[in-house]
2 protein chains.
Amino acid sequence: MPENRRNATRERILDTAETLFMAQGYEGTSMRQITGQAQVNLAAVNYHFGSKEELLQEVFRRRLKWLNDERLRVLDALEAEAGGHALKPSQIVDAFFGTLLRMAGDRKHGGPVFLRLLGRTLTEPSEFIRTFLADEYREVMERFKSALFKALPDVPRVEIVWRFHFMLGATSYAIAGTDTLRLVTDWHLDAAEADGGPERLLPRLMTFLLGGLRAPLPAGTGPGLP
Amino acid sequence: MPENRRNATRERILDTAETLFMAQGYEGTSMRQITGQAQVNLAAVNYHFGSKEELLQEVFRRRLKWLNDERLRVLDALEAEAGGHALKPSQIVDAFFGTLLRMAGDRKHGGPVFLRLLGRTLTEPSEFIRTFLADEYREVMERFKSALFKALPDVPRVEIVWRFHFMLGATSYAIAGTDTLRLVTDWHLDAAEADGGPERLLPRLMTFLLGGLRAPLPAGTGPGLP
DNA sequence: GTCTATATCATGATAGAC
DNA sequence: GTCTATCATGATATAGAC
């Protein structure tokens, strides 16, 4: 069973790398750590993926493919149901960010480990990571921006794009994990409240995001782009 | 002038390290890069700071000291002016996040370089960084949370803390730089619009943050903690 | 296909001359 | 205080045996 063993080794490397990159970052994780913990040979990474950079890309690709396909599937279903009418902003935001957060409960697709990795990687400085992520996200971004433009025809497009950006930031930070949350909590929240899992986080985040997305325009903001 | 030279070397190392950590991250930056670009000897970092970790901490300390003192100074002034009355949420949010963003125009205190570094570091996985930042932020966090609790007496404290967390995330991501912004833009915004500098960013961000902070409570949210 | 062994180089840190 | 020289370690990647 060479095919099975090949896949088993590949998947074990990917799973281990995902966990280590999440906990220590890309630069902070060595191939010796990955192969040691995955109990495969040091040369296996180069054999299966070519390089450490390509390993990282594959770690993201197998999860993002599923996530973004799912996002598009949900958006397609909503738009089909609406039959040409504009969607509600809350539907669009849930299709994008709700689908992401619900991944946390789905261990088959990475679960909380991948979510934290993704949140932490979005601000990673390495050029090749940002280029790669921008490519992976391009299609889904265009679809969701279009949906928001249609749902909010009176809001200048430039404002919608900025607010999408702010929503991404709030969400990334939230899924980057409870350790960073020590900055804010540490104090009035016990661990049970602070670490309530996705089912507590999602409604709170959605409320915040929609409040920001639908906030009245600030004074002095020009009209939309042509 | 041994004292002057000592300070000049120290400051040059700190400035160079700040820029490189911003562009490449902590793990991705070597002491050889830092000392080479700062045109000081390789041993100078260990002599002046002891280790690479302590260098990073000093890079942050000199900026965060000024930033957080300034935040507290603004908050003190607002509270003195209010004379015992609760502040408006917008005043508190501006004292915290506005003071941060206005640092971007102040090259004497790091300017945009430090802002991007800070935004990128808040999701950094290294344990010692997170512990260090949590310590540096503790006092200012407690003061601002208290001010928000007082300004929003009808909102459960746990909700305020969560929303503070979301605001931090949106802001971190926004100041982490326009490169990451390619994820969202790349498309309908020309560079001039997307990269409008802090004077464009601040009102947009404030509107978003306040919209999220003051959003109506979601259904099913329990009462505040005792 | 998988692994051993190794090539080649960069890293953070330090000892000791000046 | 600053520099040179060097240490010990760990990094990614690969050549070649099996």
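Going by the structure above, here's the rest.
Quick summary incoming for the structure in this document. Keep in mind the model is a prediction, meaning the values are calculated, not measured.

Attention shifts here to the protein's contact with DNA strand D. Taken together, the neighbourhood of DNA strand D is formed by 13 residues, with Ser30, Met31, Arg32 and Lys52 of chain A together with Asn41 of chain B sitting nearest. Taking all atoms of DNA strand D within 4 Å of the protein, the share assigned to sugar and phosphate is 55%. Between a phosphate oxygen of DNA strand D and a side-chain N or O atom of Asn41 of chain B, the distance comes to 3.5 Å. Where the surface near DNA strand D is concerned, the elements lending two or more residues are helix H2 (31-38) of chain A together with helix H3 (44-49) of chain B. Grouping the constituent residues of the surface near DNA strand D by class yields five nonpolar, six polar and two charged.

Right, let's get into the environment of Ala134 of chain A. In this structure, Ala134 of chain A sits in helix H7 (residues 127-151). Residues Ala134 of chain A and Leu122 of chain A, 12 residues apart in the sequence, show an inter-C-alpha distance of 9.9 Å.

We now examine the packing of aromatic side chains. How two aromatic rings sit relative to each other is given by the distance of their centres and the angle of their planes. Taken as a whole and assessed by the stated rule, the structure comprises 19 aromatic pairs over all chains. Between the aromatic rings of Phe97 of chain A and Phe164 of chain A, the centroid separation amounts to 6.1 Å while the plane-to-plane angle is 70°, which identifies the pairing as edge-to-face. Within this pair, whereas Phe97 of chain A is found in helix H5 (residues 89-102), its partner Phe164 of chain A is found in helix H8 (residues 157-175), the two being separated by 67 residues in sequence. For the residue pair Phe97 of chain A and Phe164 of chain A, the accessibility class agrees, reading buried in each case. In this structure an aromatic cluster arises from ring pairing among Trp162, Phe166 and Phe208 of chain A together with Trp162, Phe166 and Phe208 of chain B. The lysine or arginine in question, Lys52 of chain B, covers the ring of Tyr26 of chain B, its NZ or CZ lying 4.5 Å from the ring centre.

Residue and element names in this part refer to chain A. Applying the stated criterion to the full structure yields 30 salt bridges over all chains. The partner of Arg63 in a salt bridge is Asp15, and the shortest N-O contact between them spans 3.8 Å. Of the two residues, Arg63 sits in helix H4 (residues 52-82) while Asp15 sits in helix H1 (residues 2-24), which places them 48 residues apart along the sequence. Taking relative accessible area as the criterion, Arg63 reaches 8% and is therefore assigned buried. Residue Arg143 is joined to Asp76 by a salt bridge in which the shortest nitrogen-to-oxygen separation is 3.0 Å. Placement of the pair is Arg143 in helix H7 and Asp76 in helix H4, with a sequence separation of 67 residues. Judged by its relative accessible area of 26%, Arg143 falls in the partly exposed class.

Conventions used here
Residues numbered from 1 in each chain as written. Chains lettered and ligands numbered in written order. Predicted model: local features only at pLDDT ≥ 70, side-chain atom pairs only at ≥ 80, totals over all residues. Heavy atoms only, no water. Near = heavy atom within 4 Å. Polar contact = N/O pair within 3.5 Å; in protein donor to acceptor, adjacent residues only side chain to side chain. Helix = DSSP H or I, 4+ residues; strand = E, 2+ residues; numbered from the N terminus. Nonpolar A, V, L, I, M, F, W, Y, C, P; charged D, E, K, R; others polar. Phe/Tyr/Trp six-rings, centres within 6.5 Å; stacked < 30°, edge-to-face > 60°. Buried < 20%, exposed > 50% of the residue type's maximum accessible area, 1.4 Å probe, protein only. Lys NZ or Arg CZ within 6 Å of the ring centre and 35° of its normal. Salt bridge = Lys/Arg side-chain N within 4 Å of Asp/Glu carboxyl O.

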